[in-house]
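Given next are the chains, with one letter for each unit.
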Amino acid sequence: MRELKNDRYLKALLRQPVDQTPVWMMRQAGRYLPEYKATRAEAGSFMDLCKNAELACEVTLQPLRRYALDAAILFSDILTIPDAMGLGLYFETGEGPKFERPIKSAADIKALPVPDPEQELGYVMNAVRTIRSALDGEVPLIGFSGSPWTLATYMVEGGPTKTFSKIKKLIFSEPALAHVMLDKLADAVTLYLNAQIKAGAQAVQIFDTWGGVLSGPAYREFSLKYMEKIVAGLIREHEGRRVPVVLFTKGGGLWLEDIAASGCDAVGLDWTIDIADARRRIGDKVALQGNMDPSMLYAPPAVIEQEVARILAGFGQGPGHVFNLGHGIHPDVDPANAGAFIDAVNRLSRSYHG
Ligand code: CP3
């Protein structure tokens, strides 16, 4: 196995000293890049792109060719697991992800299989192996999954929702049944992430995009508990290095202490929390990742730079910070503004280290 040339991202997640704050962007491969749109058109559909290891590798590397990023993230989607469970994932333009066969009954939940990651999800592992080899040790590769709660919301709602009525009806009226489903999803995610680690992912992130729509007690019972179960089942050492785990709950700012106590190495922050407060609350326990509002990338470069400076100062001196956006980059952002963001982090963060 080749040496990693740039391991700032892995070191920062373990709160080890670095020369500057590492940076990457959630959803860094995507529609804001014209070269992504071209490869996506070549592939046909989004799922065809995910299933073609060479093209998935190509779009993973595209943002790294443009920007001085400290990590690559596997090109795939969180909804690969429900698709492998037989729900039939498809995308309708402008409407977001949908399922042909959403979960509608207790029988559907009981019949849900736990997919074998090397079989039904073998295409993801092929992509991981292809990307890892193409990266040639330049930067680490991040693997990822959705949280059981976030996957369950899509599986039960069947498509985008503003109210989360169906999934909330399930957890509040038939909690035991909801737990059967979440437990299967936790097993599926654990197997899936461990397979990604064995295939070459050097860190893993769990996206809990919809954790923040729950009350505190419901979050702990229906989301955090299952992420804890996953963290406890993950491979934590591979190829002679620790494999850091990052938990990102959008809207999780109220529960940082609980998230940090899950056994994870780092907590991903959305932009609604002040990173200085987050560091005071948990920065001596785990690393922090975040947290610029992705909409700041609509602003001119000088404003972006000021905001980067504010967040760097908020975290303050020393290791334990991975710079990121507080959620995924928007598709209509000017790629030059993303460049200004990354350059600002690289330039301004050096004085916070060493
Ligand atoms: O970060 C990366 O660059 C890696 C790839 C990645 C994608 N999706 C690619 C993608 C990652 C990490 C995800 C995670 C994901 N997918 C999440 C969690 C993160 C978050 O944003 O909260 C969620 C909720 C999904 C579900 C999903 N998949 C949505 C909401 C969409 C957008 C649908 C739309 O039409 O806007 C997708 C599709 C998707 N996943 C795209 C990409 C680049 C766009 C598909 C296209 O090319 O048309």
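Look up: the structure comes first, before these words.
Residues numbered from 1 in each chain as written. Predicted model: local features only at pLDDT ≥ 70, side-chain atom pairs only at ≥ 80, totals over all residues. Heavy atoms only, no water.

Novice: Would you take a moment to explain the state of the cysteines for this structure?
Specialist: Two cysteines, two sulfur atoms, one covalent bond between them: this is a disulfide. Inspection of every chain in the model, using the stated rule, returns zero disulfides. No disulfide involves Cys 50; its sulfur sits 13 Å from that of Cys 57, the nearest cysteine. By relative accessible area, which is 7% here, Cys 57 ends up buried. (Disulfide = S-S within 2.5 Å. Buried < 20%, exposed > 50% of the residue type's maximum accessible area, 1.4 Å probe, protein only.)

Novice: So what exactly am I meant to see when it comes to the environment of Ser 262 here?
Specialist: Relative to the elements of secondary structure, Ser 262 occurs in the loop between helix H12 (256–260) and strand S9 (266–268). Judged by relative accessible area, which is 9%, Ser 262 ranks as buried. Not counting residues within four places of it along the chain, the set of residues in contact with Ser 262 comprises Leu 224, Glu 228, Val 231 and Leu 247. Looking at Ser 262, its side chain comes within polar contact range of the main-chain oxygen of Ile 259, at 2.7 Å. (Helix = DSSP H or I, 4+ residues; strand = E, 2+ residues; numbered from the N terminus. Contact = heavy atoms within 4.5 Å. Polar contact = N/O pair within 3.5 Å; in protein donor to acceptor, adjacent residues only side chain to side chain.)

Novice: Looking at this structure, I do not really get helix H14 (residues 301–315). What am I missing?
Specialist: Since the α-helix advances by 3.6 residues per turn, residues separated by three or four positions end up pointing in the same direction. With 15 residues, H14 should cover 21 Å at 1.5 Å per step; its first-to-last C-alpha distance of 21 Å lies within 8% of that length. Here H14 has its buried residues at Ile 304, Glu 307, Val 308, Ile 311, Leu 312 and Phe 315. Across the axial projection of H14, the buried residues extend over an arc of 135°, all falling on one side. Those residues of H14 that are exposed and aimed more than 90 degrees away from the buried face are Ala 302 and Gln 306. Here the buried face of H14 lies against helix H13 (275–282), strand S10 (287–292), strand S11 (321–325) and helix H15 (335–348). Directly beyond the C-terminal end of H14, a positive phi value near 90° is found at Gly 316. (Expected span 1.5 Å × (residues − 1). Arc of directions from axis to C-beta.)

Novice: Help me understand unusual backbone geometry in this model?
Specialist: Comment: phi is negative for the bulk of residues other than glycine, and the bulk of peptide bonds are trans. Cis geometry is found at the peptide bond from Gly 290 to Asn 291, where omega equals -5°. One can find Asn 291 in strand S10. One non-glycine residue, Phe 164, lies in positive phi territory at about 60°. Mapped onto the elements of the fold, Phe 164 is located in the loop between helix H8 (148–157) and helix H9 (165–173).

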